[in-house]
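Commentary on secondary and tertiary structure
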Amino acid sequence: MAVGTETNLAELYSEVRNFYGRHMQLLDAGDPEGWANTFTEDGSFAPPSLPEPVRGRENLIAGLRKSAADLAENGEVHRHCMLMTTVTPRGDGTIVATSYTQIISTARGGEPRLHLMCVCRDILVREDGELKVRERVVTRDDRP
Amino acid sequence: MAVGTETNLAELYSEVRNFYGRHMQLLDAGDPEGWANTFTEDGSFAPPSLPEPVRGRENLIAGLRKSAADLAENGEVHRHCMLMTTVTPRGDGTIVATSYTQIISTARGGEPRLHLMCVCRDILVREDGELKVRERVVTRDDRP
Amino acid sequence: MAVGTETNLAELYSEVRNFYGRHMQLLDAGDPEGWANTFTEDGSFAPPSLPEPVRGRENLIAGLRKSAADLAENGEVHRHCMLMTTVTPRGDGTIVATSYTQIISTARGGEPRLHLMCVCRDILVREDGELKVRERVVTRDDRP
């Protein structure tokens, strides 16, 4: 049982931040299955560059497979840096987490570049004790 | 009551980081009243660009109202990213928190840009259970 | 004693992040002895720019003394920003911590610049209750 409200927040905050670390390290390493497993089976991801959200693990896997192949072909590495996270647990057991997100792009032999500045709004849920992304909406600062 | 020293640090560290997330999301969204409420009534903020600190919520509100209007007019978004925070509770109940702070600026349709690299030194206090900034001093790396 | 697994992670995660804050603030302030003390006596640091790891506090001190003098001569400030940390405690009491690391460089009177994008893989240990870096391996995104 929880010791108190603050302990809860500390546990949850650290867990979310550790989860995001793993989640983005899987994305940036180009591990489609590992990354898709950090979403719920029907998880959705609305990136700003697509007209419709990507829904479900199969589509998430296909999407990352393609973008990882494109990056590899260009000799580029992306790093997704989620920053300034706020975590708000809701009464229904879901968690709202909002983070600033920098995408850093580095070409082989080149200087790293701040490619995009985004805001990432997640609804996280717990499945078998583990956090998963159920819904993600990302907006870009250059397209307000 | 606290379970032990380490539990205290974990609780405090997470609380400070979650507070900073909310604090900066309010600032960057241009919410002067919400943002000023994360300072104490007599809170002071010494930005490197002003000769004197801004003191008190009314002046903080006026300052943010102006800078938010300027950004809107220029079609620019700023994101304040506080990083590498150290948190040191002091015997008098106040908390010293030091963070590297990146200010990212993005123009509509433009590339995001690392505008300023700063160090932010805060004295935080607790009022009615909530963290507030009592004193903030910011220095810029380009003006040592 | 620990209250439970999640409490453990929250305590450890916050402690690691607070430690990294102090560790990098010492490095970037050019405090060779203070910084070297955040490594074990025989701690090793494999930066991507050297053919061999730097081993032991004396060599770490000498290395930082030189790089701090170089930066001062150039009128430059570096900030090491460790981001997206994952923390994994191992059965032997050591901790694996992996972080994205931005190095931001700012010249006097100049614009800050994202100098390097790295990944930092640490083995942390606890000595007399305090975290120390026993082994650090850093890779650069521009040299895959």
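Description of the structure in this document. Since the structure is predicted, the reported quantities are computational estimates derived from the model, not experimental observations.

Moving on to the interface of chain C and chain B. Across the boundary between the two partners, chain C contributes 29 residues, which contact 24 residues of chain B. Note on chain C versus chain B: buried area summed over both sides is about 2200 Å², and carbon and sulfur give 58% of it. It is Asn18(C), Gln25(C) and Arg79(C) that lose the most area in chain C upon contact with chain B, and together they represent 26% of the buried surface on that side. Across the contact surface, chain C and chain B share two salt bridges. For the salt bridge of Glu111(C) with Arg113(B), the shortest nitrogen-to-oxygen distance reads 3.1 Å. Inspection of the region where chain C meets chain B yields 10 residue pairs in polar contact (both at pLDDT 80 or more). At 12 residues, helix α1 (residues 5-28) of chain C tops the list of elements feeding residues into the side of chain C that touches chain B. Residue composition of the side of chain C that touches chain B, by class: 11 nonpolar, nine polar and nine charged.

So, on to the interface of chain B and chain A. The extent of an interface is frequently quoted as the accessible surface area lost upon association of the parts. In this complex, chain B contributes 29 residues to the contact, which on the side of chain A involves 24 residues. Approximately 2200 Å² of surface area, both sides summed, lies buried where chain B meets chain A, with 58% of it carried by carbon and sulfur atoms. When the buried area of chain B at its contact with chain A is split by residue, Asn18(B), Gln25(B) and Arg79(B) rank highest and sum to 25% of it. Across the chain B-chain A interface, the total number found is two salt bridges. At the level of secondary structure, the elements contributing two or more residues to the side of chain B that touches chain A comprise α1 (5-28), β3 (76-89) and β4 (95-107) of chain B. Residue classes in the side of chain B that touches chain A are distributed as 11 nonpolar, nine polar and nine charged.

Following the criterion strictly, the structure yields 27 salt bridges over all chains and no others. For the salt bridge of Arg79(B) with Asp141(A), the shortest nitrogen-to-oxygen distance reads 2.8 Å. Remark: Asp141(A) occurs in the segment after β6 (130-140) and Arg79(B) occurs in strand β3; the pair is interchain, linking two chains. Note that Arg140(B) and Asp142(B) form a salt bridge whose closest N and O atoms lie 2.7 Å from each other. Arg140(B) gets classed as buried once you look at its relative accessible area, which sits at 14%.

Superposing chain C onto chain B requires a rotation of 120° together with a translation of 0.0 Å along the rotation axis, leaving an RMSD of 0.0 Å. Within this description, the copies of the chain are treated as partners about a three-fold rotation axis. Across chain C, the smallest distance between a C-alpha and the rotation axis is recorded for Ala10(C), namely 3.5 Å.

Residue and element names in this part refer to chain C. The six strands are arranged β2-β1-β6-β5-β4-β3 in an open sheet whose pairing can be described as mixed. Each of the sheet's edge strands pairs with one partner strand only, and the pair in question is β2 (54-55) and β3 (76-89). With two bridges joining them, strand β1 (residues 39-46) and β2 adopt antiparallel strand pairing. What sits directly across from Phe45, in β2, is Val54.

Criteria and thresholds
- Residues numbered from 1 in each chain as written.
- Chains lettered and ligands numbered in written order.
- Predicted model: local features only at pLDDT ≥ 70, side-chain atom pairs only at ≥ 80, totals over all residues.
- Heavy atoms only, no water.
- Contact = heavy atoms within 4.5 Å.
- Buried area = accessible area lost by both parts, 1.4 Å probe.
- Salt bridge = Lys/Arg side-chain N within 4 Å of Asp/Glu carboxyl O.
- Polar contact = N/O pair within 3.5 Å; in protein donor to acceptor, adjacent residues only side chain to side chain.
- Helix = DSSP H or I, 4+ residues; strand = E, 2+ residues; numbered from the N terminus.
- Nonpolar A, V, L, I, M, F, W, Y, C, P; charged D, E, K, R; others polar.
- Buried < 20%, exposed > 50% of the residue type's maximum accessible area, 1.4 Å probe, protein only.
- Least-squares fit on C-alpha atoms with pLDDT ≥ 70 in both.
- Pairing = 2+ DSSP bridges.

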